[in-house]
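Single-letter residue listing:
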Amino acid sequence: MAGVSGAERLRDGSCHFQRSRLIWMIAIAFGMVVLGWVSHFPSTIPYSYLGVFGTFLNYLVENHHKWVCYGFWVSWLIHVVEAFYGVKMCQSKGITDPAVQFHWFLQTLLFGYASFGLLVSYKPAVKKQY
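Bear in mind the structure is a predicted one, so any value in this text is a computation, not a measurement. (Residues numbered from 1 in each chain as written. Predicted model: local features only at pLDDT ≥ 70, side-chain atom pairs only at ≥ 80, totals over all residues. Heavy atoms only, no water.)

Glancing now at the nonpolar core. Ranked by size, the top nonpolar core spans ten residues in total: Cys15, Met89, Cys90, Ile95, Val100, Trp104, Phe116, Leu118, Leu119 and Tyr122. Elements with a contribution of two residues or more to this core: helix H3 (51-92), helix H4 (98-111) and helix H5 (113-121). Sequence-distant contacts of Phe116, that is, excluding residues within four places in its chain, are made with Glu82, Tyr85, Gly86, Met89 and Thr108. Core analysis: the next-biggest nonpolar cluster, separate from the first, contains eight residues, Val34, Val38, Ile45 and Tyr47 among them. (Core = buried A, V, L, I, M, F, W, Y, C linked by side-chain atoms within 4.5 Å. Buried < 20%, exposed > 50% of the residue type's maximum accessible area, 1.4 Å probe, protein only. Helix = DSSP H or I, 4+ residues; strand = E, 2+ residues; numbered from the N terminus. Contact = heavy atoms within 4.5 Å.)

In structure tokens, the structure reads:
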């Protein structure tokens, strides 16, 4: 049985991976960290140094802390579901390399739809049959 070269695997789409845009990665990571900080350690936030943003965070902690906590856990639940569905989508789109599937899983787990949207929009090349 002849081995398949790396170039052939790239051409057939079994190794397709696309990194999310950096701006989305930074924004989502920042949002998740702030949401976790407000949810779990609100007494350590230096509200007075954050200006209007600090005033807003303080308002959320004082008046809607329960809902902020729910939002934190629901957002993580959504990321986890997207990540597992992303692996299933990899298989259905012909991305069969386990390492590449793991990259999609991890990126989608951390950055949510910024990654999942790339996977949804990926159109594998149609295989020609002779």
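Okay, the packing of H3 against H5 next. Contact geometry of H3 with H5 gives a least axis separation of 10 Å together with a crossing angle of 20 degrees. On the basis of their axis angle, the class for H3 and H5 is roughly parallel. Like other packed secondary-structure pairs, H3 and H5 cross with a definite hand, here left-handed. Taking contact as the criterion, the partners of Glu82, Tyr85, Gly86, Met89 and Cys90 in H3 are, on H5, Tyr113, Phe116, Leu119 and Val120. Its residues assigned to classes, the contact of H3 with H5 shows seven nonpolar, one polar and one charged. (Axes fitted to C-alpha atoms, helices over the stretch in contact; angles between N-to-C directions. Parallel < 35°, antiparallel > 145°, perpendicular 65-115°, else oblique. Left-handed = near helix turned anticlockwise from the far one by under 90°. Nonpolar A, V, L, I, M, F, W, Y, C, P; charged D, E, K, R; others polar.)

Moving on, we come to the packing of aromatic side chains. Under the criterion given, the structure shown has seven aromatic pairs. For the pair Phe72 and Trp73, a centre-to-centre distance of 4.9 Å together with 80 degrees between the ring planes defines the contact as edge-to-face. When its relative accessible area of 10% is taken as the criterion, Phe72 is described as buried. Feature note: the residues Tyr85, Tyr113 and Phe116 constitute an aromatic cluster, connected by ring pairs. (Phe/Tyr/Trp six-rings, centres within 6.5 Å; stacked < 30°, edge-to-face > 60°.)

Helix-helix packing is described using two parameters, namely the angle between the two axes and the distance between the axes. Their axes nearest at 7 Å, the elements helix H2 (residues 22-40) and H3 cross at an angle of 115 degrees. Of the possible angle classes, the one that applies to H2 and H3 is roughly perpendicular. The two elements H2 and H3 meet at a crossing, and its hand is left-handed. On H3, the residues that touch Ile28, Phe30, Met32, Val34, Leu35, Gly36, Val38, Ser39 and His40 of H2 are Phe53, Leu57, Val61, His65, Val68, Cys69, Gly71, Phe72, Trp73, Ser75, Trp76 and His79.

Taken together, the side chains of Phe30, Tyr49, Leu50, Phe53, Phe56 and Tyr59 define a hydrophobic patch exposed on the protein surface, amounting to about 680 Å² of accessible area. A per-element tally of the nonpolar patch places H3 first, with three residues. In this structure, Phe30 sits in helix H2. (Patch = residues over 30% accessible without salt bridge, like charges linked within 9 Å, V, L, I, M, F, W, Y side chains within 5 Å. Areas by Shrake-Rupley, 256 points an atom, 1.4 Å probe, with all protein chains shown as cover. Salt bridge = Lys/Arg side-chain N within 4 Å of Asp/Glu carboxyl O.)

Structural measurements only, silent on function.
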